[in-house]
Amino acid sequence: QAGPEKAAAIEQSGGASADPSGVAAAAAHMPAPAPPTSPHGIQEEVPARQQQQQQHQQLASRQNLPGTPADSLWRWPPRHPSDPGAGPLAIPEYIQDLIRKDSSDIERIYELPSAEVDPLVWQYEHLRQFVIEFNLLLVALGDDCMPETCPKMTASNEWQYLCAAHRKPQDCAAIDY
C-alpha cells in the first residue's frame, strides 16, 4: 500500500521508510509528468493555452466575457457586414466597431462598406446609432438639466425654441423639448 501520497510523506519527513519492497522510494524518484502538448506536439503552459482559448472564444462570439479587463473590452477587429457568419446585426455592429476604433474618422464611419449593403439600410442604421448615442447624452444631462434649472429651450439670449407638440406652440423645459 505504498502510493504517491506515502512517498510524498516519506520524502517530506526526510526519513527512511519501513517499506521493504522499495516501491515508495521508487515512486518518490519518478519524473514529473510532462506538460500538456498541443495538437502539433509542442509543449505549452496551461495558463497560456487557456488564455488563447478564451481569446479565440471571445473573437468567435464577439462577447465581453466576465472578468475581461477594461482595457480589453471590445478589442475585436471590425467584421465587415458581408462576411460569412456576420448575422442579422452585422451592420449596427460594424458601425459601432468603427466608432470604437476611431470616432474622429467620420468619413470612414459613414462610407458605405460595399455595394452589397443596401444604402437605405445603411442610413437607417446610422439614424438608429444616432438615437442611441443621443439617448446617452440625455441621460447624462438628466441630473443637471431639469425643468427647474433649464425652464426654457434657448440657443442664446436672442433665440428661444417653442415646443410644437402642443396645439399652439409654447415654452417647454429644455429637457422636455
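### Concerning the pattern of salt bridges
Phase 1 of the analysis: In this structure the tally under the stated criterion is two salt bridges.
Phase 2 of the analysis: With a shortest N-O distance of 3.1 Å, Arg-100 and Asp-97 are connected by a salt bridge. One end of the pair is Arg-100 and the other is Asp-97, both in helix α4 (residues 90-101) and three residues apart, which spans about a single turn.
Phase 3 of the analysis: Classification of Arg-100 by relative accessible area gives partly exposed; the value is 39%.

### Some remarks on a nonpolar patch on the surface
Phase 1 of the analysis: Side chains of Phe-130, Val-131, Phe-134, Leu-137, Leu-138 and Leu-141 sit close together on the surface and give an oily, nonpolar patch of about 540 Å² of accessible area.
Phase 2 of the analysis: On the secondary structure map, Leu-141 appears in helix α6 (residues 119-141).

### Section: the nonpolar core
Phase 1 of the analysis: Counting residues in each nonpolar core, the largest one holds seven residues, listed as Ile-91, Tyr-94, Ile-95, Leu-98, Ile-109, Val-117 and Trp-122.
Phase 2 of the analysis: Here this core gets four residues from one element, more than from any other, and that element is α4.
Phase 3 of the analysis: Not counting residues within four places of it along the chain, the set of residues in contact with Trp-122 comprises Ile-91, Tyr-94, Ile-95, Ile-109, Tyr-110, Glu-111, Leu-112, Pro-113 and Val-117.

Conventions and cut-offs
- Residues numbered from 1 in each chain as written.
- Predicted model: local features only at pLDDT ≥ 70, side-chain atom pairs only at ≥ 80, totals over all residues.
- Heavy atoms only, no water.
- Salt bridge = Lys/Arg side-chain N within 4 Å of Asp/Glu carboxyl O.
- Helix = DSSP H or I, 4+ residues; strand = E, 2+ residues; numbered from the N terminus.
- Buried < 20%, exposed > 50% of the residue type's maximum accessible area, 1.4 Å probe, protein only.
- Patch = residues over 30% accessible without salt bridge, like charges linked within 9 Å, V, L, I, M, F, W, Y side chains within 5 Å.
- Areas by Shrake-Rupley, 256 points an atom, 1.4 Å probe, with all protein chains shown as cover.
- Core = buried A, V, L, I, M, F, W, Y, C linked by side-chain atoms within 4.5 Å.
- Contact = heavy atoms within 4.5 Å.

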